[in-house]
Amino acid sequence: MALRASLQDWAPRRVKLTMDEHLDKMASIGKRGSSYYCNPVVAGLAGILIWGFVIWGAIGKEAVAAETQAAQAWVTEIWNWLYMSSRNIWLLVLMYVLYKYYDIKLGSEEDKPEFSDLTYFAMLFSCGIATGLWYYSAEAMWHYEGYGTPRWTDHKIWNDNTRAEHAVMMTWFHWGLHGWIAYVLVGVLIGFMTYRRGFPMSMRFTLYPIIGELVYGVLGDIVEVLSILCTVFGICTDLGLGAVQINKAFVRLDRGTYQGRDSYGCDENGANCTGRVGLEVNQTTECLLIVVITACAIGSVVMGLKKGIAFLSQLAVVLSVFIVLSILFLDETWFILNTLTSALGYYIWILPKVSFHTDAWEELGAASSGMGGAPDGRGGKEGWMNAWTIFYWGWWISWGPFVGTFLARISRGRKLGNFIIASLILPSFWSFIFTGVFGAAQIRISRQAESAGLDMSDAAHTYGSLADKSVIGWNTVGEDGVARWNPVPDGVVRLYNLATEDVIFEHLCYYGTHEFATLMTVLTLICIVLYFVTSSDSASYVVDIFAANGVEEPPTIQKVFWGCTEGVAAIALLLSADEENPSAALNAVKAIPIILGLPFTFMLFWMCQALMIVCSEEAGKMAIERKNFRTWVFNLEIPSLISFVVPFVPAGQVAAKVWGGNPVVYMVGYASLWVTLIVFFCLTAADEAFLSLAAASYFVLSLAVGGMRTAVRHKLGITGDMISDAMVGVFAFPWAIGQMAVEEFTYNEKEVAM
């Protein structure tokens, strides 16, 4: 009875509770302000799931990698269309509220921003981008060379210059507006609910405008657990990729690697170099690096937001700006500026097309598979979209809870428009500059190497320093018309033939001596470590907020616990493959965000709706306390239970109350749809094709129920929208009928006017 009563008392309302009163409505152990305080359901369940995964990874080894990749394959095969279309919808929502509600503050009218604009940007960018931007700094070059055989490798359609421009644009697509959307959507909604409505800083309250008082209970706990899982395993991806790259950097410094040659610890023949201390690229080293970085991150988060996280973020951004500008000035400066300008125009022009592109025809596979693949054998190959764009979207989404919450935490006193510009548009432009500078330079160097004859057949045909200068180079015609032989310079390298972690460091070797390259490698390594630490400490801080019911300054010991949990989970993923197959471990690391990103994608749609509602309420266009359905969608009402068996009976009764007429007539109409569904489903035993007809029948029936729900709302003056009605009809079919059936159909003109 208590559960049924809570489902009937679900509606959102104007809340005038103190912070302690909010917290008292949720499960908790410990005392606020003491050495420990957390929600036992959230912290316990999240901890069990994460540490259970760690144990499974330790025992299952390669089975973990195989299972996670199988789950990833299912998500990408079935839900590709949703991942691609959803971000465009979210972007439109953000652009609408940016235009419509620019001046609404995330806080009271008296609140002022806590951080300066530069510190604010440094913190949000360091938290949101982490080491991934460095690991994938060569993305444009890989796209140009055709890694994974994308559709633009068809040379009959794309010439080399067009491919280069498209490669830069695709990199911008992955790191630009469509990436940052999830962060901004979560951040602005939490900012509203915390600083304007007085709710705790917790993910559950982003859904208060949708599910109301139910956020304090089990549904809210589920939201928090999902958010913690997304955060921990999302940061694991960053920790895994970052550890691999840092490991490679240390090995290169230890061996004195420069332009394809090692210098230290070599035998008398100058080969078999082991380095000064014998560092190796292996799982043991990578796990030790994660331990050290995690310890640094814990130290930073214990120091606090202003002393630790803010300082490291500023240092990371300043150093990254220095490195990017150095590359710009060291390379062909005017060429890179031209490339950035041209790519920006191309990005703006093609964005509507590429943001909806799913590689639908490529995903059919080769013509020989018999699924309808391209008979001419041209175009891209199956799997590119899943390996690149869908991976990115899942990764960005999985980081949404923690980055969005962190953005909200540092954004008090800022206007909504300022927040969206600072956390969506400006970071996108800096990502464009970063990836554009590296991409343009690396593509130019790769084309230089290719035209010189470095065909990647072996090391001597990869590095200019190892090449036969008598045959690798160019016959350059001078102003006098005479051709002269120009051997390939030592710094020229076919970057595409290098390991992922080597590319950025060999790129730096292009510009100067061994000593110069060492200096740039050290600076880049420091920058990567700083981003590594700032993302990990921010994640630990936010996860503890989730586990502590939204308390903004949770106990220190819990920050340490969650920081350690993130590190151990990342280590478990790296160890889920044998030493001989390190790529399997990275694939496992990259699969988790895509899997967890799927349920959170549905949550983000709810958050879009919640954001629109909150903005309308804050602008005075919609009353906070307004008429809603008497009971929540998923309810325990008798008509809902009846609708599992004979839905046409209560549906017919509701229809008669809404439209008038004999309820038996409506019952017969709904019964015909229901019986058709049952018949098709039973015939599936004879022919599976009938299952598709049964599914089609179900959608027709559920959409009819959704349409009736719209009519009920209009008649009773209940707020809502047709899209939500349709979704409720599809995903909560019997409960939707029961929800309508228990309403009192008394026409109230005043309520409708409200």
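Everything numeric in this text was worked out from a predicted model, so none of it was measured. (Residues numbered from 1 in each chain as written. Predicted model: local features only at pLDDT ≥ 70, side-chain atom pairs only at ≥ 80, totals over all residues. Heavy atoms only, no water.)

Caption draft 1: Representation of the nonpolar core within the structure. By size, the foremost hydrophobic cluster in this structure holds 202 residues, and its most contacted members are Tyr136, Ile228, Phe233, Phe600, Met607 and Leu611. Residues contacting Leu611, with those up to four places away along its chain left out, are Val93, Leu94, Val97, Leu185, Val188, Leu189 and Phe192. Grouped together as the second largest cluster of nonpolar side chains are 27 residues, Phe629, Ala671, Leu677 and Val705 included. (Core = buried A, V, L, I, M, F, W, Y, C linked by side-chain atoms within 4.5 Å. Buried < 20%, exposed > 50% of the residue type's maximum accessible area, 1.4 Å probe, protein only. Contact = heavy atoms within 4.5 Å.)

Caption draft 2: Quick look at the environment of His143. With respect to the helices and strands, His143 occurs in helix H7 (residues 139-145). Sequence-wise, His143 and Glu165 are 22 residues apart; in three dimensions their C-alpha atoms are separated by 10 Å. Not counting residues up to four positions away in its chain, the partners in contact with His143 are Pro150, Trp152, Ala167, Met170, Thr171, His174, Trp384 and Trp388. Here the side chain of His143 touches Glu139 through a polar contact of 2.7 Å, side chain to side chain. (Helix = DSSP H or I, 4+ residues; strand = E, 2+ residues; numbered from the N terminus. Polar contact = N/O pair within 3.5 Å; in protein donor to acceptor, adjacent residues only side chain to side chain.)

Caption draft 3: Focus on the environment of Thr162. You can see Thr162 is positioned in helix H8 (residues 160-175). Along the primary structure Thr162 and Phe391 are separated by 229 residues, whereas in three dimensions their C-alpha atoms are 25 Å apart.

Caption draft 4: Here's a closer look at empty space enclosed by the protein. Taken as a whole and assessed by the stated rule, the structure comprises three cavities of 30 Å³ or more. Here the largest cavity is characterised by a volume of approximately 70 Å³. Surrounding the largest cavity, Gly128, Ile129, Trp175, Tyr183, Trp395, Trp396 and Trp399 form its lining. For the lining of the largest cavity, the secondary structure elements donating two or more residues are helix H5 (117-129) and helix H15 (384-409). The greatest single-element share of the lining of the largest cavity, amounting to three residues, is contributed by H15. Split by residue class, the lining of the largest cavity holds six nonpolar, one polar and no charged. (1 Å grid on protein atoms, 1.4 Å probe; cavity = no way out; pocket = protein on both sides within 12 Å on 5 of 7 lines; lining within 4 Å. Points joined across faces, edges and corners; volume = space filled by probe spheres on them. Nonpolar A, V, L, I, M, F, W, Y, C, P; charged D, E, K, R; others polar.)

Caption draft 5: Main features of helix H12 (residues 283-303). Taking 1.5 Å as the rise per residue, H12 with 21 residues should run 30 Å; its terminal C-alpha atoms sit 30 Å apart, in good agreement. For H12, every residue scored as buried is listed here: Gln283, Thr285, Glu286, Cys287, Leu289, Ile290, Ile293, Thr294, Ala297, Ile298, Ser300 and Val301. The distance from a side-chain oxygen at the start of H12 to the backbone nitrogen of Thr284 is 3.3 Å, and the residue carrying that oxygen is Asn282. (Expected span 1.5 Å × (residues − 1).)

Caption draft 6: Inspection of the pairing of strand E3 (residues 473-477) at higher detail. As paired elements, E3 and strand E4 (residues 483-487) share five bridges and run antiparallel to each other. By the bridge assignment for E4, Trp474 is matched with Asn486. Connecting E3 to the next strand, E4, in antiparallel fashion are five residues, including Gly481 with a positive phi near 85°. (Pairing = 2+ DSSP bridges.)

Caption draft 7: Summary view of the state of the cysteines. Counted according to the given criterion, the structure contains one disulfide. Here Cys266 engages in a disulfide with Cys273; their sulfurs sit 1.8 Å apart. One disulfide, between Cys266 and Cys273, carries an S-S torsion of 100° and so falls in the right-handed class. Here Cys236 is not cross-linked by a disulfide; its sulfur's nearest cysteine counterpart is in Cys287, at 12 Å. The exposure class of Cys236 is buried, given its relative accessible area of 0%. (Disulfide = S-S within 2.5 Å.)

Keep in mind these values describe shape, not function.
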